[in-house]
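What follows is the residue order along each chain.
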Amino acid sequence: MRLWPAHAAVRAPRLTAAGNPEALKTGQGMELLAVEHAARDDAIFVHVKGDVDSSTVDELVTHLTEALRLAATHPAQLVIVDLKAVTFFGSAGLNAILDCHEAGVAAGTSVRLVADHAQVLQPIEVTLLNRIFDIYPTVDDALQRDQPTED
């Protein structure tokens, strides 16, 4: 299910804190995307930092795909995508996460998001994807979901 074309997220580059117009020429001061994934005993983790838009989403998709592949043979069959360090979350990011969620459902893998700020939560809520995604404010909360509660 696609929400809209991945190339729909277009915006101007950000200037450095000093407002240096040379940053536009050199690309300095722009938020790049850094993505890492790692297998732990309790889940496969994908940590995302920076801007997720049409120019950076391929990096995210690569790591989400690999995380799902690893989760298929992981005892927890759980992928946690940590979006707390994301500074921009465009439609390309929404589509990548939605595709990951749908692939996870098809494979029997749970995909949980960690986010606690408007840059990520607002696009998810506006598109009503909060009704589909499992979203938690912290990694610990995402991990504790399946833990038995003590009365």
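Since the model is a prediction, treat every value here as computed from it, not as a measurement. (Residues numbered from 1 in each chain as written. Predicted model: local features only at pLDDT ≥ 70, side-chain atom pairs only at ≥ 80, totals over all residues. Heavy atoms only, no water.)

Engineer: Is there a simple way to think about the overall build of the protein chain in this case?
Structural biologist: The helix and strand tally for the protein chain stands at 5 helices and 5 strands. Helices (α) and strands (β) of the protein chain occur, in sequence order from the N terminus, as α-β-β-α-β-α-β-α-β-α. Sequence separation of 24 or more characterises 68% of the internal contacts of the protein chain that already satisfy a separation of 6 or more. For the protein chain, the exposed surface amounts to about 8400 Å²; the carbon and sulfur share of it is 53%. (Helix = DSSP H or I, 4+ residues; strand = E, 2+ residues; numbered from the N terminus. Contact = heavy atoms within 4.5 Å. Areas by Shrake-Rupley, 256 points an atom, 1.4 Å probe, with all protein chains shown as cover.)

Engineer: Which parts of the structure should I look at to understand the nonpolar core?
Structural biologist: Soluble, globular proteins show a tendency: their nonpolar side chains are buried together. Core analysis: the biggest nonpolar cluster contains 31 residues, and Val 48, Val 79, Val 81, Leu 83 and Phe 89 have the highest contact counts within it. Mapped by element, the contributors of at least two residues to this core are β2 (44–52), α2 (57–71), β3 (78–89), α3 (91–107), β4 (110–114) and α4 (118–126). Leaving out residues up to four positions away in the same chain, Phe 89 has contacts with Val 52, Leu 83, Leu 94, Ile 97, Gln 119, Val 120, Pro 123 and Ile 124. (Core = buried A, V, L, I, M, F, W, Y, C linked by side-chain atoms within 4.5 Å. Buried < 20%, exposed > 50% of the residue type's maximum accessible area, 1.4 Å probe, protein only.)

Engineer: Looking at this model, I keep getting lost on the pattern of salt bridges. Mind explaining?
Structural biologist: Note on pairing: side chains with opposite charge can pair once their charged atoms come close. Scanning the model with the defined rule gives 3 salt bridges in all. Close ionic contact of Arg 40 with Asp 42 constitutes a salt bridge, the shortest N to O distance being 3.0 Å. Relative accessible area serves as the criterion here: at 41%, Arg 40 is assigned to the partly exposed category. Residue classification places Asp 42 among the partly exposed positions, given a relative accessible area of 30%. Linking Glu 66 and Arg 69 is a salt bridge whose minimum nitrogen-to-oxygen distance equals 2.5 Å. Of this pair, Glu 66 and Arg 69 both sit in helix α2, 3 residues apart, which is roughly one turn of that helix. (Salt bridge = Lys/Arg side-chain N within 4 Å of Asp/Glu carboxyl O.)

Engineer: Explain the side chain of Thr 56 here, please?
Structural biologist: Note that Thr 56 resides in the loop between β2 and α2. When residues no more than four places from it in sequence are discounted, the contact partners of Thr 56 are Leu 33 and Asp 51.

Engineer: Sorry if this is basic, but what is going on with the sheet that holds β3 here?
Structural biologist: The pairing of strands in a sheet happens through backbone hydrogen bonds and is either parallel or antiparallel. On the basis of which strands lie adjacent, the open sheet formed by 5 strands has the order β1-β2-β3-β4-β5 and mixed pairing. Taken across any chain shown, the strands that pair with only one partner, and hence form the sheet edges, are β1 (34–39) and β5 (134–136). The sheet shows a mean angle of 20° between the axes of neighbouring strands, taken without regard to direction. In this structure, β2 lies alongside β3, joined through 8 bridges in parallel fashion. Across the sheet, Gly 50 pairs through a bridge with Val 86, a residue of β3. This element, α3, spans β2, β3 and β4 of the sheet and lies at about 175° to β3. Contacts from α4 reach β3, β4 and β5, with the element oriented near 105° to β3. (Pairing = 2+ DSSP bridges. Axes fitted to C-alpha atoms, helices over the stretch in contact; angles between N-to-C directions.)

Engineer: What should I look at first to understand α3 in this one?
Structural biologist: Since the α-helix turns once every 3.6 residues, residues separated by three or four places project in the same direction. Taking 1.5 Å per residue, 17 residues should reach 24 Å; α3 reaches 24 Å between its end C-alpha atoms and fits that length. Contacts made by the buried residues of α3 are with β2, α2, β3, β4 and α4. At the C-terminal side of α3, Gly 108 shows a positive phi close to 80°. (Expected span 1.5 Å × (residues − 1).)

Engineer: Could you clarify how one ought to interpret unusual backbone geometry in this entry?
Structural biologist: Excluding glycine, a negative phi dihedral is what most residues carry, and trans is how most peptide bonds are arranged. Look at Gln 77: it is not a glycine, yet its phi comes out positive at around 45°. Summarising the element assignment, Gln 77 is placed in the loop between α2 and β3. For Gln 77, a relative accessible area of 30% gives the class partly exposed. Positive phi values are uncommon outside glycine, yet Leu 128 reaches one of about 65°. With respect to the helices and strands, Leu 128 occurs in the loop between α4 and β5. Leu 128 sits in the partly exposed class, given a relative accessible area of 42%.

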